[in-house]
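Structural overview
What follows is each chain in one-letter form.
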Amino acid sequence: MTALVDIELELITRATARFPDAVVRDELDNNLLAELPTIQFEQIPGGGDDGLKLSRPIVEVSVYAASRPEAIALAGEVHKWLTAELRGSSNESAVIGRTGCLSLPAIRPYENLAVRKVGGTYEIFCHPVS
């Protein structure tokens, strides 16, 4: 039976070290304007597993920044990190295998006009360290 990785916690932990100038989280709060830029990781329904060890969570990644250019630039850095640098990595809790982009980062609507949002959707093949 596949042992699942808490992919949100795993990505938050790794991205916090990789992007020290951003707030990295799974949920937004009412203080977003004071915490820009912010990177948000949310596992969404979907994905699957091989029934043995490997799981494939689907993760929505949203970047919030004060301006459109800042949001686009940071989303590009996160995209590169997820699809190139994170691939094949491991730490004491999880092994990340192949990663892929299902929906490229693009401007997404956001209700507060003082914040710009760019989001993308990714698949991450992973398993716990055994």
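Described in the following lines is the structure provided in the data block. Every chain begins its residue count from 1, and numbering advances along the sequence as written. Totals for whole chains, interfaces and linings use every residue, but because this is a predicted model, local features are given only for residues with pLDDT of at least 70 and side-chain atom pairs only at 80 or more, for both listing and counting. Each side-chain value is derived from all of the structure's non-hydrogen atoms; neither hydrogens nor water enter the calculation.

Quick notes on the overall build of the protein chain
The helix and strand labels rest on DSSP assignments: H or I over at least four residues marks a helix, E over at least two residues marks a strand, and numbering proceeds from the N terminus. Within the protein chain, the regular secondary structure consists of two helices and five strands. Its helices and strands in sequence order give the protein chain the pattern α-β-β-β-α-β-β, from N to C terminus. For the C-alpha atoms alone, the extent of the protein chain along its principal axes is close to 45 × 25 × 25 Å. Each residue is assigned to one of three classes by its accessible area relative to the maximum for its type, calculated with a 1.4 Å probe on protein chains only: buried under 20%, partly exposed between the two thresholds, exposed over 50%. Residues counted as buried form 42% of the 130 residues belonging to the protein chain. Considering only intrachain contacts with a sequence separation of at least 6, the fraction spanning at least 24 residues in the protein chain is 61%. Only four residue types enter the tally: Lys and Arg on the positive side, Asp and Glu on the negative side; His and the chain ends are excluded. Each charge is placed at NZ for Lys, CZ for Arg, CG for Asp and CD for Glu. Considering the protein chain, the positive charge centre built from 12 side chains and the negative charge centre built from 18 side chains are found 8 Å apart. Two residues qualify as a contact provided that any one of their heavy atoms is within 4.5 Å of a heavy atom in the partner residue.

Some words on helix α2 (residues 68-85)
Any helix carries an expected span of 1.5 Å times its number of residues minus one. Between its first and last C-alpha, α2 extends 25 Å over 18 residues, near the 26 Å set by a 1.5 Å rise per residue. Every buried residue belonging to α2 is among A71, L74, A75, V78, W81, L82 and T83, and all of these are buried. The inward-facing, buried residues of α2 contact α1 (7-18), β2 (38-49), β3 (55-65), β4 (94-108) and β5 (116-128).

As for the pairing of β3
Of all 11 residues making up β3, 10 are buried, and the element is well covered by its neighbours. As paired elements, β2 and β3 share nine bridges and run antiparallel to each other. Bridge pairing links I39 to V63 in β3. A strand pair is defined by DSSP finding two or more bridges across the two strands. The hairpin turn running from β2 into β3, its antiparallel successor, is five residues long, and G51 in that turn takes a positive phi close to 80 degrees.

Remarks on the packing of aromatic side chains
Stacked, tilted and edge-to-face are the three classes assigned to paired rings of Phe, Tyr and Trp, where Trp is represented by its six-membered ring and a pair needs centres within 6.5 Å; plane angles under 30 degrees give stacked, over 60 edge-to-face, the rest tilted. In total, this model carries three aromatic pairs according to the counting rule given. With a centroid separation of 5.7 Å and an interplanar angle of 85 degrees, the aromatic rings of F19 and W81 are classed as edge-to-face. Of this pair, F19 sits in the loop between α1 and β1 (23-25) while W81 sits in helix α2; the two residues are 62 residues apart in sequence, bridging distant segments of the chain. Across the pair, W81 and F19 agree in class, each one buried. Pairing F41 with W81 gives two aromatic rings, centres 6.4 Å apart and planes at 55 degrees, and the pair type is tilted. Taken as a pair, F41 in strand β2 and W81 in helix α2 lie far apart in primary sequence, 40 residues in all. Three or more aromatic residues link up through ring pairs in this structure, and these residues are F19, F41 and W81. Whether a charge sits over a ring depends on NZ of Lys or CZ of Arg being within 6 Å of the ring centre and within 35 degrees of the ring normal. Lying over the aromatic face of F19, R18 brings its terminal NZ or CZ to 4.8 Å of the ring centre.

Looking at unusual backbone geometry
The omega angle of the peptide bond from L36 to P37 is -5 degrees, so this bond is cis rather than trans. With respect to the helices, strands and loops of the structure, P37 is situated in the loop between β1 and β2.

Some points on the pattern of salt bridges
When a carboxyl oxygen of Asp or Glu lies within 4 Å of a side-chain nitrogen of Lys or Arg, that pair is called a salt bridge. All told, the structure shown has seven salt bridges when counted by the stated rule. Here E85 ties to R18 by a salt bridge, and the two come within 3.0 Å at their closest N and O atoms. With E85 in helix α2 and R18 in helix α1, the pair connects residues that are 67 residues apart, well separated along the chain. The exposure class assigned to R18 is partly exposed, which follows from its relative accessible area of 32%. The salt bridge involving E60 is made with R108; its shortest N-O contact spans 2.4 Å. Residue E60 is located in strand β3, and its partner R108 is located in strand β4; the two are separated by 48 residues in the primary sequence.

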